[in-house]
Amino acid sequence: MAKLWTVIKREFLERVRNKWFIVVTIFGPVFFGVIMVLPAYLSMRGMRDAKVSDIRIIDATGVGLGDRVATRLNGGPMGDAAATQVVVVAPNEVAAAESLATKDVMAKLRRGYLVLDSLTLQQQKASYAGRNASSLNEMESIQSALRSALLGQRLEREGLDPRRVEALTRLKVQMSSERITDKGRGGSGIGSAIFGFLIAFLLYMMIVLYGQAILRGVLEEKTTRVAEVIVSSVSTDVLLAGKVIGVGAVGLLQQAIWLGSAVALYQFREPIFLKLGMPAMPNLPLPQVPPMLIVALVLFFILGYGLYAALFAAVGAMVSSQEDANQAAQPVVMLLVFSIIFAQPVMINPSSRLAEIVSWVPFSAPVIMPMRMSAIQIPWYELAATLTGVALTCALSVWLSARIYRVGLLMYGKRPSLRELARWIRQA
Amino acid sequence: MTDSALALRGITKRFAEHVAVRELSLDVPRGAVYGLLGPNGAGKTTTIRMILNVIAPDAGTITVLGTPNTAPGLLDRLGYLPEERGLYKKMQVRRLLRFLAELKGVDARTADRRIDEWLDRLALRGPEKDWGSAKVDELSRGMQQKVQFIGTLLHDPELIILDEPFSGLDPINAQALKDTVVELKRRGKTVIFSTHLMDNAERLCDSVCIIAHGDKVLDGAVAAVKSAHQRRNVALSLEGAPSSEVTAVLQDPALIWKMDDNNRYFELEMSASGDPQHLLRRLIGAGAQVQRFELIQPSLHQIFLDRVGAAGVEEGMSGHG
């Protein structure tokens with residue numbers, strides 16, 4: 001046991017002391033911070049630069065519809081209606097006004113122009129031309145301003161009081177969305193889907209990065225022949241266990257630092273946003289994470305990591321060079337890629353049959369099941385069965401890998417064929 | 001048997017394609033310097049790995065320091081220097097040595113003290129430069145070999161096994177290694193080393209075992225081995241060129257089986273019926289001016305060539321590595 005601890009300690013300390021580990025671990029939270037702050041910052045910049053109102057309205061309706069649209073584009077009567085230029089023309093002057101407006105848009109004096117005429121009043125038809133014509137958001141705001149202006153104009157024509165019309169047509173609708181699945185209402189929509197996807201991706205990254213680290217570590221011991229010295233002091237099983245546990249501890253430490261700083265950033269978002277001269281975001285959609293999910297996450301990480309770490313170690317013990325290692329690791333990497341390929345379909349529909357199957361297969365379960373869990377309610381027995389499956393597969397992979405490792409660590413030269421590999425497993 | 005540092009009884013190891021070690025038995029007395037000699041691919045490294053319990057023999061028993069070699073804690077009393085040297089390149093020398101010592105059950109404080117002693121002793125630490133705080137890959141090859149050697153001895157093992165310790169050593173390190181082996185013996189430690197360099201073995205070893213193609217060719221104390229292989233070899237020097245009468249005597253097949261003729265210096269091997277005393281009388285009778293006539297012992301190198309060459313031919317094996 002003392003020797004296992006010695007191996008774990010070396011694996012852990014040598015990796016944590018590595019400057020790349022320090023860079024990546026510090027860079028992680030910075031990255032989180034940028035991800036969190038950047039959208040808010042950009043959307044604020046976007047609001048400030050909103051040029052939807054920076055257009056010209058060529059109004060040939062003769063009823064002042066252009067002014068109504070301009071008012072609405074600029075946020076109501078209190079807004080700065082001057083941002084939008086309204087040109088009132090006679091119906092026969094529209095063509096001339098349009099060609100003039102086109103020149104102005106080309107000269108970047110305006111973003112675009114909107115033409116309103118008698119057809120707009122009778123058949124709700126209008127035309128727009130401008131640099132931002134392909135921006136769905138901006139077209140949507142212009143359309144909605146026009147729709148509301150037209151509605152107001154009609155209500156007034158029907159004899160309603162203009163002020164009442166103003167109050168009645170200025171509606172702002174807020175809609176929350178919630179998923180309903182075969183299993184009933186569950187999850188809080190897009191927020192937890194993104195959260196689940198992030199979790200899956202994080203688990204995947206951790207397993208890939210630290211699994212590969214194990215592979216490189218074993219290969220290093222083999223190619224430098226340090227392994228010969230070490231196995232004259234401890235058994236290969238202790239060496240393998242120490243390596244897997246030590247590297248896993250580094251992974252957990254890194255995740256803890258990342259998650260901890262992400263939570264801290266979230267807690268202190270208001271002072272940070274204020275520093276950047278932005279109003280604090282009112283409601284960042286951070287889903288509530290139940291403790292059960294956290295427990296399951298940790299279990300899936302440990303088991304999934306153990307499963308793949310053992311496989312990567314076996315690959316490292318099988319080969320004698322980096323080139324061979326890349327090839328021999330491919331089947332293991334494929335198993336991992338297979339699970340992340342299904343992440344997106346599962347995120348879109350976490351209760352489909354596909355999602356269920358992928359989350360039960362032990363090789364993809366550690367990545368997919370936590371993602372499904374954060375999106376929908378999984379019955380406890382399904383969870384228990386999946387965890388048991390992953391645990392058994394993990395045990396089997398550790399057992400097989402330990403045997404391959406025992407024989408392979410001191411074998412050099414050609415990569416073993418599958419038949420030779422089977423013999424290694426038998427004879428170990 | 002209890003005074004054996006190592007006792008092998010009929011150990012056999014088969015790999016898929018060949019038998020690496022066949023029915024090998026040997027005893028290494030405590031406090032001896034023991035040479036495991038053989039050509040490349042003879043099974044030396046396989047034997048050592050079985051002694052260290054890294055691989056298990058298919059048959060036979062291995063007793064190390066009086067206990068079966070699978071006994072827990074036994075590895076802490078053994079020191080092993082593998083043939084292929086290597087260290088963690090990115091690790092600091094002192095941390096690496098502490099790690100190796102801790103793997104052998106030495107506590108950190110004792111390890112640190114011994115590390116400093118050894119670094120001083122092998123000139124890896126001086127007033128201007130302490131290589132102990134450098135990374136392994138900043139060291140020259142010779143210095144890395146010293147570090148590895150320190151790692152083998154830090155836990156003060158009772159039995160030290162060195163696999164081809166002289167391969168790749170520069171002359172200065174080779175001398176340091178020999179000095180250390182002699183000192184270990186003086187302190188009552190047992191040292192086993194494998195080598196195919198017979199000169200070193202002949203000078204350092206008390207006893208040897210020669211193996212080839214997995215079979216033991218011979219073993220025993222060096223002096224006993226050499227006298228057992230005394231083939232009545234004669235070194236002969238003459239004053240002046242040999243006369244025709246003298247030449248006739250030297251070419252008599254009843255007396256001499258093999259002759260290495262260097263004009264005035266001859267190495268002769270007596271034939272089965274030949275008697276060296278009779279030869280001397282005949283030479284003097286023929287009028288030879290004898291400067292030197294000496295019965296000489298064959299070198300370990302010669303014995304090795306004779307026996308291993310013969311064994312290889314007898315078995316007609318290809319001798320793969």
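Just above, that's the structure.
From a predicted model like this one, the values you see are computed outputs, not experimental measurements.

## A word on the pattern of salt bridges
Per the stated rule, a full pass over the model turns up 37 salt bridges over all chains. A salt bridge links Arg15 of chain A to Glu11 of chain A; the nearest nitrogen and oxygen atoms lie 2.9 Å apart. A residue pair is termed a helical-turn pair when its members lie 3 or 4 positions apart in one helix, as Arg15 of chain A and Glu11 of chain A do in helix α1 (residues 2-17) at 4 residues. Across the pair Arg9 of chain B and Asp27 of chain B runs a salt bridge whose closest N-O atoms are separated by 2.9 Å. Note that Arg9 of chain B is positioned in strand β1 (residues 4-14) and Asp27 of chain B in strand β2 (residues 19-29), a separation of 18 residues in sequence.

## Quick word on the nonpolar core
Grouped together as the largest cluster of nonpolar side chains are 162 residues, with contacts concentrated most on Phe300 and Tyr305 of chain A together with Leu6, Leu26, Val64 and Leu162 of chain B. The biggest single contributor to this core is helix α12 (residues 291-318) of chain A, with 17 residues. If we ignore the near neighbours within four places in the chain, the residues touching Leu6 of chain B are Leu26, Asp27, Val28, Ile51, Ile62, Thr63, Val64 and Ile192 of chain B. With 16 residues, the next largest nonpolar core counts Val52, Ile55, Ile57 and Leu121 of chain A among its residues.

## A short note on the packing of aromatic side chains
Considering all chains together, one arrives at 7 aromatic pairs over all chains under this definition. Look at Phe338 of chain A and Phe342 of chain A: their rings are 5.1 Å apart centre to centre, the planes differ by 75 degrees, and that puts the pair in the edge-to-face class. The ring centre of Tyr88 of chain B lies 3.5 Å from the NZ or CZ of Arg10 of chain A, which sits over that ring. Directly above the aromatic system of Trp131 of chain B lies the positively charged group of Lys129 of chain B, at a separation of 4.7 Å from the ring centroid.

## Concerning a nonpolar patch on the surface
Residue and element names in this part refer to chain A. Together, Trp20, Ile22, Val23, Val24, Ile26, Phe27, Val30, Phe31, Val34, Ile35 and Leu38 line one region of the surface with nonpolar side chains, adding up to about 1,100 Å² of accessible area. Mapped onto the elements of the fold, Phe31 is located in helix α2 (residues 19-48). Judged by relative accessible area, which is 46%, Phe31 ranks as partly exposed.

## Thoughts on the interface of chain B and chain A
How big an interface is tends to be stated in terms of accessible area lost as the parts join. Contact residues are listed per partner, giving 25 residues for chain B and 22 residues for chain A. In total, chain B and chain A occlude about 2,300 Å² of area from one another, counting both sides; carbon and sulfur atoms represent 58% of this. Counting across the chain B and chain A interface gives 4 salt bridges. With a closest N to O distance of 2.4 Å, Asp76 of chain B and Lys3 of chain A form a salt bridge. In this assembly, chain B and chain A are joined by 10 residue pairs in polar contact (both at pLDDT 80 or more).

## Comments concerning the sheet that holds β1 of chain B
All names here are of chain B. The strand order β2-β1-β4-β5 describes an open sheet built from 4 strands, whose pairing is antiparallel. Sheet topology places β2 and β5 (67-68) at the edges, where each strand pairs with a single neighbour. Pairing analysis gives 2 bridges linking strand β4 (residues 59-64) to β5, with the strands arranged antiparallel. Bridge pairing in β5 links Val64 to Thr67.

Parameters at a glance
Residues numbered from 1 in each chain as written. Chains lettered and ligands numbered in written order. Predicted model: local features only at pLDDT ≥ 70, side-chain atom pairs only at ≥ 80, totals over all residues. Heavy atoms only, no water. Salt bridge = Lys/Arg side-chain N within 4 Å of Asp/Glu carboxyl O. Helix = DSSP H or I, 4+ residues; strand = E, 2+ residues; numbered from the N terminus. Core = buried A, V, L, I, M, F, W, Y, C linked by side-chain atoms within 4.5 Å. Buried < 20%, exposed > 50% of the residue type's maximum accessible area, 1.4 Å probe, protein only. Contact = heavy atoms within 4.5 Å. Phe/Tyr/Trp six-rings, centres within 6.5 Å; stacked < 30°, edge-to-face > 60°. Lys NZ or Arg CZ within 6 Å of the ring centre and 35° of its normal. Patch = residues over 30% accessible without salt bridge, like charges linked within 9 Å, V, L, I, M, F, W, Y side chains within 5 Å. Areas by Shrake-Rupley, 256 points an atom, 1.4 Å probe, with all protein chains shown as cover. Buried area = accessible area lost by both parts, 1.4 Å probe. Polar contact = N/O pair within 3.5 Å; in protein donor to acceptor, adjacent residues only side chain to side chain. Pairing = 2+ DSSP bridges.

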